[in-house]
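Structural description and commentary
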Amino acid sequence: MNLSKKTIIITGASSGIGAEAAIQLAQAGATVCLIARRADELQKIQATIQAQAGQVFIYPADITDAEQLKACLDKILSEHQKIDVLVNNAARSIRRPILESLDRLHDYERTMQINYFAAVNMTLHLLPHFLANASGHIVNISTMSTQVPIPLFSAYLASKSALESFSRSLSMELKGKGIDVSIVYFPMVRTPMSSKTAIYKHMKMLDTPAAAGWIVKAIEKKSYRVSSKTGLVANALLNTAPTWAMNLSRPLFQLMDQRLKKKLKTDEA
Ligand SMILES: NC(=O)c1ccc[n+]([C@@H]2O[C@H](COP(=O)([O-])OP(=O)(O)OC[C@H]3O[C@@H](n4cnc5c(N)ncnc54)[C@H](OP(=O)(O)O)[C@@H]3O)[C@@H](O)[C@H]2O)c1
């Protein structure tokens, strides 16, 4: 693996998968530009990478704020001659039933702000730079939960589906101009995001180094889709026999939720 001479922007690099991807990409020789709101956490990742002699720059910013996003990208473009890859990884997740969201339109708005609009805004700002170089790679982070019918995450999943649709248009329109697009469909990964839901304590999940490896793979291979086999099969079923797939999934998810809650209760007893 040799990513030297590549400069890669990673959003959401202060924690979880983004932080680990930054470390792995720097180990592979890339120069990494890290964005997130928490400067102190970015500094810790920067120190880890520098201790391994990696090339790392940090740009604290709230990328849902259009002015902060622009100032951050202007600074990056003034400090680096060429950006090769943008990884749109920053996100928030909300687990809440639709019937408990009747007065919570803001849940849908705030997930769209970071998971969709911020990623689109990052892309729109960087496209002129990529087109001027006739080369650029945009890696958009999504979830296996858009490949499978899943309850309880309507705001989160709708924002990720929007990002997937945007990615398809991007690839259709700009592949011929040297722009590559990848979508990474992560299954559950043990990170601060997934740890917020107590009942997921006993769920089998990928660890962050393995998940970060999927981002490295997407960048190296430039494949349009990086997905688990389960996600591919479930998605094929959902597309070909949606009624059957939804009817099968509902009781399976209820069963899974009951089992996880039972295990958590046993822990607490
Ligand atoms: N964990 C999972 O099970 C799982 C499964 C499927 C897909 N994914 C996807 O994988 C990606 C990484 O998730 P993760 O689990 O590693 O989450 P995480 O640990 O919660 O990290 C989220 C990152 O996003 C940043 N962020 C959030 N809001 C931001 C904002 N307004 N401006 C700039 N940065 C912001 C956070 O940094 P600050 O708070 O410092 O801003 C943090 O670095 C996400 O796209 C997520 O949807 C995760």
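What counts and what doesn't
Residues numbered from 1 in each chain as written. Predicted model: local features only at pLDDT ≥ 70, side-chain atom pairs only at ≥ 80, totals over all residues. Heavy atoms only, no water. Near = heavy atom within 4 Å. Polar contact = N/O pair within 3.5 Å; in protein donor to acceptor, adjacent residues only side chain to side chain. Helix = DSSP H or I, 4+ residues; strand = E, 2+ residues; numbered from the N terminus. Nonpolar A, V, L, I, M, F, W, Y, C, P; charged D, E, K, R; others polar. Contact = heavy atoms within 4.5 Å. Pairing = 2+ DSSP bridges. Axes fitted to C-alpha atoms, helices over the stretch in contact; angles between N-to-C directions. Buried < 20%, exposed > 50% of the residue type's maximum accessible area, 1.4 Å probe, protein only.

**Some thoughts on the site of the ligand**
The full set close to the ligand counts 30 residues, and Ser15, Arg37, Asn89, Tyr156 and Thr191 are the nearest of them. Between the ligand and serine 15 there is a distance of 2.4 Å, counted from an oxygen atom to a side-chain nitrogen or oxygen. Within the contact set of the ligand, an oxygen atom lies 2.7 Å away from a side-chain nitrogen or oxygen of arginine 37. Counting only elements with at least two residues in the shell around the ligand, the list comes to α1 (16-27), β5 (136-143), α5 (154-174) and α6 (192-195). For the shell around the ligand, the residue count by class is 16 nonpolar, 10 polar and 4 charged.

**Remarks on the environment of serine 145**
Within the fold, serine 145 resides in the loop between β5 and α5. Each residue touching serine 145, except ones within four places of it in the same chain, is listed here: Ile150 and Leu157.

**Here we look at the sheet that holds strand β2 (residues 31-36)**
Overall, parallel pairing links the 7 strands, which are arranged β3-β2-β1-β4-β5-β6-β7 in an open sheet. Of all the strands in the sheet, the pair left with one neighbour each is β3 (55-60) and β7 (225-227). Going across the sheet, the axis of each strand differs from the next one's by a mean of 15°, ignoring polarity. Pairing geometry for β2 and β3, over 6 bridges, is parallel. Residue pairing in the sheet places cysteine 33 in a bridge with phenylalanine 57 of β3. Its contacts with the sheet put helix α4 (residues 105-132) on β1 (7-11), β2, β4 (85-88), β5 and β6 (179-186), and the angle it makes with β4 is roughly 175°. The sheet strands contacting α5 are β5 and β6, and the helix crosses β5 at an angle near 155°.

**Considerations on the side chain of asparagine 140**
The topology assignment puts asparagine 140 in strand β5. Using a relative accessible area of 0% as the deciding quantity, one classes asparagine 140 as buried. Separated by 2.8 Å, the side chains of asparagine 140 and asparagine 88 make a polar contact. Polar side-chain contacts of asparagine 140 include one of 2.9 Å to the side chain of serine 167. If we ignore the near neighbours within four places in the chain, the residues touching asparagine 140 are Asn88, Leu163, Ser167, Ser182, Ile183 and Val184.

Function-wise, these values are silent; they only describe arrangement.
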